[in-house]
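Here is how the chains run, residue by residue.
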Amino acid sequence: MKAGQHGFTMVELVTVMILLGILSAAIVPRMLSRGDTAGPVFRSDILTALRYAQKTAVSHRRLVCAAIGAGTVTLRISPNNPSTAGCTVALPGPDGAIYNSSDPGTTAATTIQGNTLQFLPNGDILDGAGVLIGTATITVTGQATINVDGGGVHG
């Protein structure tokens, strides 16, 4: 380049464009792919929701219910203690918004009666039929099992 001229040569521009093409062909599909992260993220959502429900039940001295659907987790809380009407109020999350996690692209299956857990103020966990949980599992397709027992929720 002569003194006083500014800019890039055609070779430099073409080289940069080729490098960008190679990087985009390798990286963009991974960034846009949900398949690698959807299962672990939804499993983490379920685990977090159940632990939050149990801690909220004990700290607020209220019944908290967690309904687990194929691709959803919904938390509800009893408006009073002792609970006479069950869990009728949507439970807000730590950020104040209603706690509701969903991922229609993922599937969760449970061995829990009614697919609902009831967390009592004393820390006990009941299934949807009101029976004390011995051992139950929640499985998100392709992920490690979440175990629920009398001692709590374990990932």
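Refer to the structure above for everything that follows.
Counting from 1, residues in each chain are numbered in the order their sequence is written. Given that the model is predicted, a residue must reach a pLDDT of at least 70 before its local features are reported, and side-chain atom pairs must reach 80 or more before they are shown or counted; all residues, however, enter totals for whole chains, interfaces and linings. With hydrogens and water stripped out, all remaining heavy atoms of the structure feed into the side-chain values.

**Looking at the overall build of the protein**
Consideration 1: Strands here are runs of E lasting at least two residues and helices are runs of H or I lasting at least four, both read from the DSSP assignment and numbered beginning at the N terminus. Per the secondary structure count, the protein includes two helices and 10 strands.
Consideration 2: The globule rule is 2.2 Å times the number of residues to the power 0.38, and the radius of gyration it is compared with is taken over C-alpha atoms. The C-alpha radius of gyration computed for the protein amounts to 24 Å, which surpasses the reference 15 Å derived for 155 residues by more than 25%, pointing to a less compact arrangement than a globule.
Consideration 3: Along the first, second and third principal axes, the C-alpha set of the protein runs to 85 × 30 × 25 Å.
Consideration 4: Whether two residues are in contact is decided by their heavy atoms: any pair within 4.5 Å suffices. The long-range share in the protein, meaning contacts at least 24 apart out of those at least 6 apart in sequence, stands at 55%.
Consideration 5: When the 9 positive and 8 negative side-chain charges of the protein are each reduced to one mean point, those points stand 4 Å apart. Charged-residue counts in this description rest on Lys and Arg as positive and Asp and Glu as negative, His and the chain ends being excluded. Lysine's charge is taken at NZ, arginine's at CZ, aspartate's at CG and glutamate's at CD.

**Structural notes on a nonpolar patch on the surface**
Consideration 1: A grouping of Phe8, Met10, Leu13, Val14, Ile18, Leu19 and Ile22 is seen on the molecular surface, where their side chains present a nonpolar patch of about 740 Å² in accessible area.
Consideration 2: Mapped onto the secondary structure, leucine 19 falls in helix H1 (residues 10-32). A patch is a set of surface residues, each over 30% in relative accessible area and not in a salt bridge, joined within 9 Å for like charges and within 5 Å for the nonpolar side chains Val, Leu, Ile, Met, Phe, Trp and Tyr. All accessibility values rest on the Shrake-Rupley procedure with a 1.4 Å probe; residue burial counts only the protein chains present in the view. Salt bridge, as applied in this entry: a Lys or Arg side-chain nitrogen positioned within 4 Å of an Asp or Glu carboxyl oxygen.

**Some thoughts on the nonpolar core**
Consideration 1: Buried residues of nine kinds, namely Ala, Val, Leu, Ile, Met, Phe, Trp, Tyr and Cys, make up a nonpolar core once their side-chain atoms join them within 4.5 Å. Note on classification: 1.4 Å probe, protein chains only; a residue is buried when its accessible area is under 20% of the maximum for its type, exposed when over 50%, partly exposed between these limits. If you look at the biggest cluster of nonpolar residues, it comprises 27 residues, and the most contacted ones within it are Ile46, Leu50, Leu117, Phe119, Ile138 and Val148.
Consideration 2: In terms of residue count, the dominant contributor to this core is helix H2 (residues 38-60) (seven residues).

**Examining the state of the cysteines**
Consideration 1: The term disulfide is used for any two cysteine sulfur atoms that are within 2.5 Å. Taken as a whole and assessed by the stated rule, the structure comprises one disulfide.
Consideration 2: The disulfide that involves cysteine 65 links it to cysteine 87, with 2.1 Å between the sulfurs. Its S-S torsion of approximately 70° makes the covalent link between cysteine 65 and cysteine 87 right-handed. Here cysteine 65, found in strand E1 (residues 64-68), pairs with cysteine 87, found in the loop between strand E2 (72-77) and strand E3 (89-90); they are 22 residues apart in sequence, far enough to count as distant.
Consideration 3: With a relative accessible area of 15%, cysteine 87 lands in the buried category.

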